Structure formats: structure tokens, C-alpha cells
Amino acid sequence: MNISVDHPEARESVAILRLEGDLDASNFETLIDAGTTAQAAGATDILVDLRKVPFMGSSGLVALHSLALSLGGAAGDDIASGWEAQHAMARSVEGGMQPHLKVLLDADPGSALARVMDRTGMSQFIQVFTDESAAIAAF
Amino acid sequence: MIENQRRLSLPAATLGDLARIREFIADTAVSLGANPDAVPDIVIAVNEAVANVLRHGYRGPGPIEIDVDQEQRTRAIVVRLRDSAPAFDPTSHPAPDLTAALEGRRPGGFGIDLAKKCVDGLAYRRRGASNELTFVKELSKHDERTAR
């Protein structure tokens, strides 16, 4: 999986992480590292572009959740604990939508990524867009 | 009656093999007649189970064996995942508890819950020193959905 980072025009506080390739248990920490680096460089909001990610497992959700927590000022998930990170995700879903991290998916509601977001309830915690401009405007 | 069977054996699987495993599951399911709408669910379920075995069972590389069958009578795709990690029955695992207090929480999470939601049946048995997890995806449900 490759990740590139850019910013929308005149919105330096928003980082767009563009992923290409599968996001799974073998590489989800790469996404956490990229988001953490963007945050350290001044980003307060992150848009994760998953339109070129054919597959995302629950590990990808752990990465998204960890970044959302970090952007909200909380400690990120202890991913080494595995189970506990996923419990924390469950609690966050119950807590409702957070404002600092959003994702871009392709428009196919039956895609593997859309299924993963919906079936885990993460789309209640992380706002999903199919239009980049709309996603940026929502920050 | 089992009409077809394809097998993938990895003597020392790692997380880096997940992509290869997903490709095997998807290609085999399609070749056995699975509706394309059903394939992502099967792939997601097996991916989650294998990732759990490698991360929490073996905590490193370990042997994985996967059989994919089509049962002609029920028109179902059946995937059997075998590993040699310590005994663990994910089917008895509770869904993530959104309300439990910190001290009352038990291990469990989205991965297993996600796998359960993606298939029509999930069964576990311990066979000697191996765990065997069986996933069943009923193709007729997807055929009906697609025909509507």
C-alpha cells in the first residue's frame, strides 16, 4: 500500500491521505504513522481517500479510529492490545460522529469497503463521502 | 455431497500472505459459481479469521490450510480454515459489548463480529491439535437478491 499526502488549496490544516492498495493487518500501522506525521506537521483534520483501496479489513478500521481519537485530543488506540482497541471502537460508535476524520469511498454501496464500514457501525462514527469537495467542505 | 474442492496450504503463513489468501478465496469462489455480489463477504470473513489466527493465535508465522468447496445440494460455498494455534472458538465469542463497564469487558471485537455478519454460517471444532473454522455462504440468497 502506498500513501501520499497533500492539502486542499488554502486549507493547510486539512491533510488528505491518499491510499493505494489493500489496507489490512499487514500494513494498517503505516496509515497510523502517516496520519500521526501529518498531525505533527500541523494538520487538525484528516481526509482519508480510500477510493483506490480495493480491500480494507477491521485492522484498517483500527487505524482510522486511532487517528480520529488522536485528532480529537485523546490517546490513540494501543494497537498492541488488539482486543482492547476494538472495544474502544465499539464505544466510539455508540458515542456518535466525530468531526476530525472523514473518509472518501467510491460510489459503489456494495463495495467491500462500504460493507465493512456499515457492518461494523463505523459509518456512524466516521463520516463517509463519495465527493472530495463535499468532504473537505464538511470540516 | 462435495462437488469441488480447492486447497491452499501455507506452512508458515504471515500477515504478508493475507493478500494472497484473499485472492485465492475470491478466484476460487468465482470459479465455483459464486455470484460476484457474494464474493466480497466470503473474502472479508476469511481475511478476518486468518488475521486473528496470525496476530493472536500464533503471534507470528504459522501453518494455515484453507479448503474451498461448493456443495451442490445446498448451492453453498464452504470454506474450511485450519490452524495449529492454541484452541480458540470464535463462534462462542460475544459480539462487542457497547455498554459494558471497563472492568466487565471481555476480549472480542469487530474482526470476529464482522466475519460472523458476512457469512450465513460459522462453525468451530477442535480436531486433534488443530482449530477448524467452517464458513458457509449460501449462494441462493444472493442469486435471489440479484434477480430482483
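Attention shifts here to the side chain of K137 of chain B. Residues and elements named next belong to chain B. Relative to the helices and strands, K137 resides in strand β5 (residues 130-138). Among the residues examined, K137 registers a relative accessible area of 6% and is labelled buried. A polar contact of 2.9 Å, which involves the side chain of K137, links it to the backbone oxygen of C118.

Looking now at the pattern of salt bridges. Tallying each qualifying case throughout the model produces 20 salt bridges over all chains. Salt-bridge contacts for E132 of chain A lead to R51 of chain A; the nearest nitrogen and oxygen are separated by 2.9 Å. One end of the pair, E132 of chain A, is in helix α5 (residues 132-137); the other, R51 of chain A, is in strand β3 (residues 45-52), with 81 residues separating them in the sequence. Judged by its relative accessible area of 34%, R51 of chain A is partly exposed. Ionic pairing is found between R82 of chain B and D67 of chain B, a salt bridge with its closest N-O pair at 2.4 Å. Here R82 of chain B, found in strand β3 (residues 76-83), pairs with D67 of chain B, found in strand β2 (residues 62-71); they are 15 residues apart in sequence, far enough to count as distant. Its relative accessible area of 14% is what places R82 of chain B among the buried residues. Taken together, the shared-partner salt bridges connect R7, E65, D67, R82, R125, R127 and E132 of chain B into one network.

Now for the sheet that holds strand β1 (residues 2-6) of chain A. Residues and elements named next belong to chain A. Read across the sheet, five strands follow the order β1-β2-β3-β4-β5 without closing on themselves; strand pairing throughout is mixed. Strands at the two margins of the open sheet, each flanked by one partner only, are β1 and β5 (127-129). Across the sheet, the axes of successive neighbouring strands diverge by a mean angle of 25°, strand direction being ignored. Two elements, β1 and strand β2 (residues 14-20), share five bridges in a ladder whose sense is antiparallel. Bridge pairing in β2 places I3 opposite L19. Of the strands in this sheet, β1, β2 and β3 touch helix α1 (residues 28-40), which is tilted by about 160° from β2.

Per-residue confidence for chain B gives a mean pLDDT of 85, with 83% of residues at or over 70. Here residues 97-108 of chain B is modelled with pLDDT under 50, and outside its nearest four sequence neighbours on either side it reaches 18 contacts, counting other chains as well.

Residues and elements named next belong to chain A. Across the seven residues that make up β2, a large majority, five, are buried. Relative to β3, β2 runs parallel, the two being bridged by six bridges. Note on β3: the bridge partner recorded for V14 is D45. In this region the chain leaves β2, passes through α1 and returns to the parallel neighbour β3; the handedness of that crossover is right-handed.

Residues and elements named next belong to chain B. Of the pairings in the sheet, the one linking strand β4 (residues 121-127) to β5 comprises seven bridges and is antiparallel in character. By the bridge assignment, R125 is partnered in β5 with E132. Connecting β4 to the antiparallel partner β5 that follows it, the hairpin turn spans two residues, and G128 within it adopts a positive phi of roughly 65°.

Here we come to the nonpolar core. In terms of nonpolar packing, the biggest core is built from 74 residues, with L50, L64 and L101 of chain A together with I25 and I66 of chain B touching the most fellow members. In terms of residue count, the dominant contributor to this core is helix α2 (residues 39-58) of chain B (12 residues). Setting aside residues no more than four positions away along its own chain, L64 of chain A makes contact with L31, V48, L50, M56, L101, V103 and I126 of chain A. Within the second largest apolar cluster, six residues are counted, among which are I16, L47, F129 and A135 of chain A.

Here we come to the packing of helix α4 (residues 112-119) of chain A against α2 of chain B. Between α4 of chain A and α2 of chain B, the least distance of the axes is 10 Å, while the angle of their chain directions is 60°. The orientation of α4 of chain A relative to α2 of chain B falls into the category oblique. Judged by the twist between their axes, the crossing of α4 of chain A over α2 of chain B is right-handed. Here A112, R115, V116 and R119 of chain A of α4 of chain A come into contact with α2 of chain B, specifically with P40, D41 and I44 of chain B.

Here is what the cut-offs are and how they apply
Residues numbered from 1 in each chain as written. Chains lettered and ligands numbered in written order. Predicted model: local features only at pLDDT ≥ 70, side-chain atom pairs only at ≥ 80, totals over all residues. Heavy atoms only, no water. Helix = DSSP H or I, 4+ residues; strand = E, 2+ residues; numbered from the N terminus. Buried < 20%, exposed > 50% of the residue type's maximum accessible area, 1.4 Å probe, protein only. Polar contact = N/O pair within 3.5 Å; in protein donor to acceptor, adjacent residues only side chain to side chain. Salt bridge = Lys/Arg side-chain N within 4 Å of Asp/Glu carboxyl O. Pairing = 2+ DSSP bridges. Axes fitted to C-alpha atoms, helices over the stretch in contact; angles between N-to-C directions. Contact = heavy atoms within 4.5 Å. pLDDT = per-residue confidence, 0-100. Right-handed = clockwise from strand over helix to strand, strands pointing away. Core = buried A, V, L, I, M, F, W, Y, C linked by side-chain atoms within 4.5 Å. Parallel < 35°, antiparallel > 145°, perpendicular 65-115°, else oblique. Left-handed = near helix turned anticlockwise from the far one by under 90°.

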